[in-house]
Amino acid sequence: LDIIDCDFRLSDLSDTDLKGPIEIRPKGQTIEKVFDQEWNELAKESNGFAAEDARRELERACQIICDRHKQDGRKDLEHRFRRLEVKARSSRSDADNATKLVNWFYRTTSDFGLSLLRPISSWIATIVLFFFIYLMFVALYTGRIRIGLPDYNFVHSIALFTVDKAFPLGISVDETRLLGG
């Protein structure tokens, strides 16, 4: 099945039985743009039941296309449609809060697997955040709160401790020394 250079809704494929490879190239835009346009139209609909049915059709269409690409060994297209399927599933009215939270986190930190920069920057931000949390905790616990120049050996030890927890590479940090033991 070839859908090339035409305007269509992805949800129109929700009850299709794909027996062979499918090629989808929308007119003048990416498949993500077609999905987003349909998605935005659904978000504007006020009729709850109709909108929910349309969201399910969109999710089902992405699942059908994804499964077809999986059977054909087209991993890149399989991944694209799986992302769209997960995106559609995440806003279902009957989705539990844990699913919504996981999907929000996945969307925020990696754009459903599309971004390489987001997970790396999130990871670095987490390391920096925990550096300051460890620094504050150990400084309060040991009474090493000073105004003025910091104790560089102390800060360096906390930095090594943080990196050791992020990369368990065996960097030698004497944790008992950090807590004054």
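Fair warning: this is a prediction, and the values are worked out from it, not measured in the lab. (Residues numbered from 1 in each chain as written. Predicted model: local features only at pLDDT ≥ 70, side-chain atom pairs only at ≥ 80, totals over all residues. Heavy atoms only, no water.)

Draft legend 1. The arrangement of the environment of Phe 161 in detail. Turning to its location among the elements, Phe 161 is positioned in helix α6 (residues 152-166). C-alpha separation for the pair Phe 161 and Phe 131, spaced 30 residues apart in sequence, amounts to 8.3 Å. (Helix = DSSP H or I, 4+ residues; strand = E, 2+ residues; numbered from the N terminus.)

Draft legend 2. Focus on the packing of helix α4 (residues 97-110) against helix α5 (residues 117-142). Two numbers describe how α4 lies on α5: the axes approach to 6 Å, and their chain directions differ by 100 degrees. On the basis of their axis angle, the class for α4 and α5 is roughly perpendicular. For the pair α4 and α5, the contacting residues are Arg 107, Thr 108, Thr 109 and Ser 110 in the first and Arg 118, Pro 119 and Ser 122 in the second. The class makeup of the residues in the contact of α4 with α5 is one nonpolar, four polar and two charged. (Axes fitted to C-alpha atoms, helices over the stretch in contact; angles between N-to-C directions. Parallel < 35°, antiparallel > 145°, perpendicular 65-115°, else oblique. Contact = heavy atoms within 4.5 Å. Nonpolar A, V, L, I, M, F, W, Y, C, P; charged D, E, K, R; others polar.)

Draft legend 3. Main features of the nonpolar core. Counting 22 residues, the largest nonpolar core has Leu 10, Leu 13, Ile 24, Ile 31, Phe 35, Ile 65 and Phe 81 as the members making the most contacts within it. Residues Phe 131, Val 138, Phe 154 and Ile 158 belong to the second largest nonpolar core, which totals six residues. (Core = buried A, V, L, I, M, F, W, Y, C linked by side-chain atoms within 4.5 Å. Buried < 20%, exposed > 50% of the residue type's maximum accessible area, 1.4 Å probe, protein only.)

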